Amino acid sequence: MHTLDTETERARWAASAEAWDRWADPMADMADKLNRPLLDAGGVAEGDRVLDLASGAGEPALSAARRVGSRGLVVGSDLVPGMMAGAVRRAAALEGEAPVFTAADMTALPFADGSFDRVTCRFGVMFVPDIAGALAELRRVLRPGGTAALMVWGRRDGNALFEVVGGAVEALLGDDGSMAPLFRFAEPGSLTGLMREGGWSAVAESDLTPVRKVPAGQPFWQATLDMVCGHRLHGLPEDRRAGIEAEITRRFAGRAGDGMIPLPAHVRIVVGTR
């Protein structure tokens, strides 16, 4: 089992920061398909004060800013300052009030009790070593009656991009355990149980299982390789990276039918109220 520690995760995401910035704009439409149901689940609305955790290249903080408008406030945060370079860049082009971005450890948030109406986190809580401490901090910075909405991945075998790209990288470079944290809360009830233990109320979860179809023969998987496995590719000889890419292409080709490749995904949204 992969053991999480803060410094390991900090180094991992620092090594991937440039890739997240580079892919932020090309992936914006796809990201929006996840942002909208997450913000809906959290009840984010005009005038709300929202804290977004693990914002990375800016989502869903930027989407939340459009919702809350000029009467609201969005603070985006990330453990790794370099991960937010893309967020700051993209915020400069946002019409209306932009989020404020700051580095923050979600187990020791630099905000007063009851500062926010909503807390959101898209694919971030899985990487926190002290999840109980993080959930306690989320409750602390929420006002009474405030809501947290957290998005995590379902099972790896239900997420084709991770299954194929991760499998190819592991086959050729070995399994270093770095994929495991993505699926830390893949089992139903695993995160909701921790929230109930932490004193949250109205805890609930829902699943999204979209299936996107893409044309065979296109490198649609490149963003996943760079963003999720980029920390393993730094300094790799060109021929070895080419071998990984060829193996990914081969594995996806085996899934094609009628010139299209289905890409099932499994996402879980967990909500709780302070």
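Located above this text is the structure these notes cover.
Treat the numbers as computed from the prediction; the structure is a model and nothing was measured.

S.K.: Help me understand the pairing of strand E3 (residues 100-103) in this model?
M.R.: The side chains of a regular strand alternate between the sheet's two faces. Bridging between strand E2 (residues 73-78) and E3 involves 4 bridges; their strand directions are parallel. Looking at the pairing, Val 75 lines up with Val 100 of E3. As a crossover connection, the stretch from E2 through helix H4 (residues 85-91) into E3 is right-handed.

S.K.: For this particular structure, what's the right way to read helix H7 (residues 190-197)?
M.R.: Here H7 has its buried residues at Leu 191, Thr 192 and Met 195. Buried residues of H7 fall within an arc of 100° about the axis and therefore sit on the same side. Close packing links the buried residues of H7 with helix H5 (131-141), strand E5 (142-153), strand E6 (201-208) and strand E9 (267-273). Just downstream of H7 lies Gly 199, where phi reads positive at about 95°.

S.K.: I would appreciate a short explanation of the pattern of salt bridges in the present structure.
M.R.: Side-chain pairs of opposite charge can arise where the charged atoms are in close proximity. Inspection of every chain in the model, using the stated rule, returns 19 salt bridges. Two residues, Glu 187 and Arg 155, come together in a salt bridge whose shortest N-O distance is 2.8 Å. With Glu 187 in the loop between helix H6 (160-173) and H7 and Arg 155 in the loop between E5 and H6, the pair connects residues that are 32 residues apart, well separated along the chain. Its relative accessible area of 42% is what places Arg 155 among the partly exposed residues. One salt bridge connects Arg 156 with Glu 163, and the closest N-O pair in it is separated by 3.1 Å. Look at Glu 163 and you get partly exposed, because its relative accessible area is 28%. What you see here is one network of salt bridges that share partners, running through Asp 113, Glu 137 and Arg 140.

S.K.: Please clarify how the sheet that holds strand E1 (residues 49-53) should be interpreted in this entry.
M.R.: Each strand in a sheet pairs with its neighbour through backbone hydrogen bonds, running either in the same direction (parallel) or in the opposite one (antiparallel). The 7 strands lie next to each other as E3-E2-E1-E4-E5-E9-E6, forming an open sheet whose pairing is mixed. What marks the edges here is a single partner per strand, and that holds for E3 and E6. Sheet twist, expressed as the average angle between the axes of neighbouring strands with direction ignored, equals 15°. Set on the sheet, helix H2 (residues 28-42) makes contact with strand E4 (116-122), E5, E6 and E9; between it and E5 the angle comes to about 150°.

The rules behind these values
Residues numbered from 1 in each chain as written. Predicted model: local features only at pLDDT ≥ 70, side-chain atom pairs only at ≥ 80, totals over all residues. Heavy atoms only, no water. Pairing = 2+ DSSP bridges. Helix = DSSP H or I, 4+ residues; strand = E, 2+ residues; numbered from the N terminus. Right-handed = clockwise from strand over helix to strand, strands pointing away. Buried < 20%, exposed > 50% of the residue type's maximum accessible area, 1.4 Å probe, protein only. Arc of directions from axis to C-beta. Contact = heavy atoms within 4.5 Å. Salt bridge = Lys/Arg side-chain N within 4 Å of Asp/Glu carboxyl O. Axes fitted to C-alpha atoms, helices over the stretch in contact; angles between N-to-C directions.

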